[in-house]
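Chain residues, written in single-letter form:
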Amino acid sequence: PDDVAITGDIDESFSRDFLRALQICDVPQFRPGQNCKSPKVLASTKIFESSPECVWKDRRWFHPDAILGECVDQIGDAKLHPPTNRDKWNH
């Protein structure tokens, strides 16, 4: 229930500090047992073209996304890829 999935392109990433905050802070979107309608956080990032020196001014990009792990398990064909047995990790 504490899993968070991160989706984005290879050139889209969260900072180390942001990822650490996801681990230690209580993020309401990531509390277990939600209905999976809006259990995600969108990043708002600057846009660079080819180089860190080429920043697009007045434009933002809303990726990557961090999504509640139990909601990602519901994506796809459950017959081909059954949901993860999350209880096996609880000891």
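Everything discussed here concerns the structure shown above.
Each value, and the rule that gives it
Residues numbered from 1 in each chain as written. Predicted model: local features only at pLDDT ≥ 70, side-chain atom pairs only at ≥ 80, totals over all residues. Heavy atoms only, no water. Helix = DSSP H or I, 4+ residues; strand = E, 2+ residues; numbered from the N terminus. Buried < 20%, exposed > 50% of the residue type's maximum accessible area, 1.4 Å probe, protein only. Contact = heavy atoms within 4.5 Å. Areas by Shrake-Rupley, 256 points an atom, 1.4 Å probe, with all protein chains shown as cover. Pairing = 2+ DSSP bridges. Axes fitted to C-alpha atoms, helices over the stretch in contact; angles between N-to-C directions. Phe/Tyr/Trp six-rings, centres within 6.5 Å; stacked < 30°, edge-to-face > 60°. Core = buried A, V, L, I, M, F, W, Y, C linked by side-chain atoms within 4.5 Å. Disulfide = S-S within 2.5 Å.

Looking only at helices and strands, one finds two helices and five strands in the protein chain. Classification of the 91 residues of the protein chain by burial places 21% in the buried group. Here the analysis covers contacts within the protein chain between residues at least 6 apart in sequence; of these, 54% occur between residues at least 24 apart. A total accessible area of about 7,500 Å² is found for the protein chain, and carbon and sulfur atoms account for 53% of it.

If you walk across this open sheet you meet the three strands as 1-5-2, and the pairing is antiparallel. Single-partner strands in this sheet number two, and they are strand 1 (4-7) and strand 2 (40-42). Recorded for the sheet is a direction-independent mean angle of 20° between the axes of neighbouring strands. Alignment of strand 1 against strand 5 (residues 65-68), held across four bridges, turns out to be antiparallel. Counted as the bridge partner of Ala5 is Ile67 from strand 5.

Below, the discussion takes up the packing of aromatic side chains. Under the criterion given, the structure shown has one aromatic pair. Relative to Phe18, the ring of Phe14 has its centre 4.5 Å away and its plane inclined at 20°; by these criteria the two rings are stacked.

Judged by nonpolar contacts, Phe14, Leu22, Val27, Phe30, Val41, Ala43, Ala66, Leu68 and Cys71 together constitute the single largest core of nine residues. Look past the residues within four positions of Leu22 in its chain and what remains in contact with it is Val4, Val27, Phe30 and Ala66.

Looking at the element boundaries, Gly69 is found in helix 2 (residues 69-72). In this structure the C-alpha to C-alpha distance between Gly69 and Val4, which are 65 residues apart in sequence, comes to 4.5 Å.

Should the sulfur atoms of two cysteines be covalently bonded, the bond is a disulfide. Evaluated as defined, the whole model comprises one disulfide. Disulfide pairing places Cys36 opposite Cys71 at an S-S distance of 1.9 Å. Every disulfide takes its handedness from the sign of the S-S torsion; for Cys36 and Cys71 that torsion is -85°, giving left-handed. Of this pair, Cys36 sits in the loop between helix 1 (16-24) and strand 2 while Cys71 sits in helix 2, and the two are 35 residues apart along the sequence. For Cys71, a relative accessible area of 8% puts it in the buried group.

Function cannot be read off these values alone, since they describe shape.
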